[in-house]
Amino acid sequence: MLKRLIPLLSTTGASNSITVRLRLDHTPGTLSRVLSVIGEHGGNVGAIDIVKHESTCLIRDISVDTRSVSHQHEILSMLHGIEGVVIQNWSDRTFLMHLGGKISTGIKFPLKTRDDLSMAYTPGVARVCMAIHENPEKARNLTIKKNTVAVVSDGTAVLGLGDIGPEAAMPVMEGKAMLFKEFGQVDAFPICIREKDTDEIIKIVKAMEPTFGGINLEDISAPRCFEIERRLKEEMEIPVFHDDQHGTAVVLTAALINSLKLIAKKAEDLKVVVVGVGAAGTACTDMMLLLGIKNIIGVDRDGAISTCRKNLSPEKASYAARTNPNGETGSLQEVLKDADLFVGLSGPRVISEDDVRNMAENPMVFAMSNPEPEIMPAKALAAGASIVATGRSDFPNQINNVLCFPGIFRGALDVSASTINEQMKMAAAQAIADSIPSEAICADYVIPSCFDKNVSKNVAKAVAAAARETGVARMAGDYSIGPRGSIRELKY
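Residues numbered from 1 in each chain as written. Predicted model: local features only at pLDDT ≥ 70, side-chain atom pairs only at ≥ 80, totals over all residues. Heavy atoms only, no water.

Here's the deal with the overall build of the chain
For step 1, the next point in the chain: Secondary structure assignment for the chain yields 18 helices and 14 strands.
For step 2, the next point in the chain: Dimensions of the chain, computed from C-alpha atoms along their principal axes, come out at roughly 75 × 75 × 50 Å.
For step 3, the next point in the chain: For the chain, with 492 residues in total, the buried portion stands at 48%.
For step 4, the next point in the chain: Counting only contacts in the chain whose residues sit at least 6 apart along the sequence, the fraction spanning at least 24 positions is 69%.
For step 5, the next point in the chain: Summed over its atoms, the accessible surface of the chain is roughly 24300 Å², and 54% of this surface lies on carbon and sulfur atoms.
For step 6, the next point in the chain: Of the side chains in the chain, 53 bear a positive and 59 a negative charge, and the two mean positions are spaced by 5 Å. (Helix = DSSP H or I, 4+ residues; strand = E, 2+ residues; numbered from the N terminus. Buried < 20%, exposed > 50% of the residue type's maximum accessible area, 1.4 Å probe, protein only. Contact = heavy atoms within 4.5 Å. Areas by Shrake-Rupley, 256 points an atom, 1.4 Å probe, with all protein chains shown as cover. Lys, Arg positive; Asp, Glu negative; His and termini not counted. Charge placed at Lys NZ, Arg CZ, Asp CG, Glu CD.)

Shown next, in the form of structure tokens:
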């Protein structure tokens, strides 16, 4: 019997939390009444801090997790009515985190003396400029290009919010830059551009190549994202990676590698149904084909995608040509019968418990729609699913891209790779899977935690090795001990 643990759905969370500053009279039971009111109205109390002690009152900060903005105001209204309690001010903790942005630049060396200034800036910097002028390749070692990635978005497909524009996309891209730094020690900077024309976006991104060592495309709507990535990879000499596509695909593949160890099925024998064949669904399909799965059926609003269907878009026609080898047709429910794996990248409540029951023995359900998956894990498990993964952090087996992109860029930058190819992506998937010891793998643990920082290190090492093996690595020199202990000069 496969072990499993599905937690209760959390109704409150830090993403909707507030901090309330209260003036509490020195009356017995005042704080108790405050906490009771918060609890009775569904709030979850976190930190309680004393800000100031006065002769007649206490000033306290109380942090409260809530469900939504309306829930915040409900609790504040109830607190306002408590005798002996005055709300001095309150803040939304998420908005507070975003004040002034979430990232900043820093310096690696102090500027405290004239010597420091003469090396960092004029006149010493001129020598470095001329070295790069004589050999532009030296920019990879002598500038921030060595460790810097641009996070590029046009704001047309931001999270589940849709086309909200480049300004509104900035908080997401800043967050992405934070993840790059925290989990991969990669310096990343958000570039949100006010442009939707495919040719113009490509032109803008190409013009940034002198500055950045890699390009992470983010939240660009399909089908434009396919052409943008393809052309940039062809026309640029630095790694270009659309994380919405390939990050999801890499982590899903890692989860599948470990899942197959539990259910004793082979990749080549699986029947897989993919619902939602946009950017991520297409990339997931291609990774699963690379893993050796032969029978993959994509499904859209009109049912199974096959070469028999007319009026397919060029992207879906290409998808049909490399999938659905048996030419199955019909609805999602029809083609899902006897499937071993359901991959959902679509929307909420797409499949039912009956659909899971009609799948093959020990079916796997990867329902990754956010915030509500295609089927809730508890329902899928009740219907007989052996392994369930989602895109949510409050359930086991989260398919989280942060397991992939920091490490994959770390490895690519470390060897000055010119691209991120399929072998590097598969190496990343295998490294993520292998981050869990074989004896620890179970139905609730087929993918490691995103907070396991060893994952990024493992991915970086594997990706760098794959880059060298496939001939796309351009290694820079370093200090090393030469013959008889002599020190070789750093090759810039």
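Read on for the rest.
Describing the pattern of salt bridges
For step 1, the next point in the chain: Under the definition given, this model contains 29 salt bridges.
For step 2, the next point in the chain: For R21, the salt bridge goes to D61, with nearest N and O atoms at 2.8 Å. Of this pair, R21 sits in strand β1 (residues 13–25) while D61 sits in strand β3 (residues 57–66), and the two are 40 residues apart along the sequence.
For step 3, the next point in the chain: On the basis of relative accessibility, which here comes to 26%, the residue R21 falls in the partly exposed class.
For step 4, the next point in the chain: Residue class for D61 comes out buried when judged on its relative accessible area of 15%.
For step 5, the next point in the chain: E372 is the partner of R349 in a salt bridge, and the nearest nitrogen-oxygen pair spans 2.8 Å. Note that R349 is positioned in the loop between β12 (341–344) and α14 (353–357) and E372 in the loop between β13 (364–367) and α15 (377–382), a separation of 23 residues in sequence.
For step 6, the next point in the chain: By relative accessible area, which is 60% here, R349 ends up exposed.
For step 7, the next point in the chain: One network of salt bridges, with partners in common, ties together D199, K206, E227, R231 and E235. (Salt bridge = Lys/Arg side-chain N within 4 Å of Asp/Glu carboxyl O.)

Focus: the sheet that holds strand β4 (residues 85–92)
For step 1, the next point in the chain: Ordered by their spatial adjacency, 4 strands build an open sheet running β2-β3-β1-β4, and the pairing between neighbours is antiparallel. Edge strands, defined here as strands with exactly one partner in the open sheet, are β2 (44–53) and β4. Between one strand axis and the next, the sheet turns through 20 degrees on average, direction left out of account.
For step 2, the next point in the chain: Pairing geometry for β2 and β3, over 7 bridges, is antiparallel. Bridging from a neighbouring strand, D49 pairs with D61 of β3.
For step 3, the next point in the chain: On top of the sheet, helix α2 (residues 69–80) reaches β1, β3 and β4; it is set at about 165 degrees to β4, its chief contact. (Pairing = 2+ DSSP bridges. Axes fitted to C-alpha atoms, helices over the stretch in contact; angles between N-to-C directions.)

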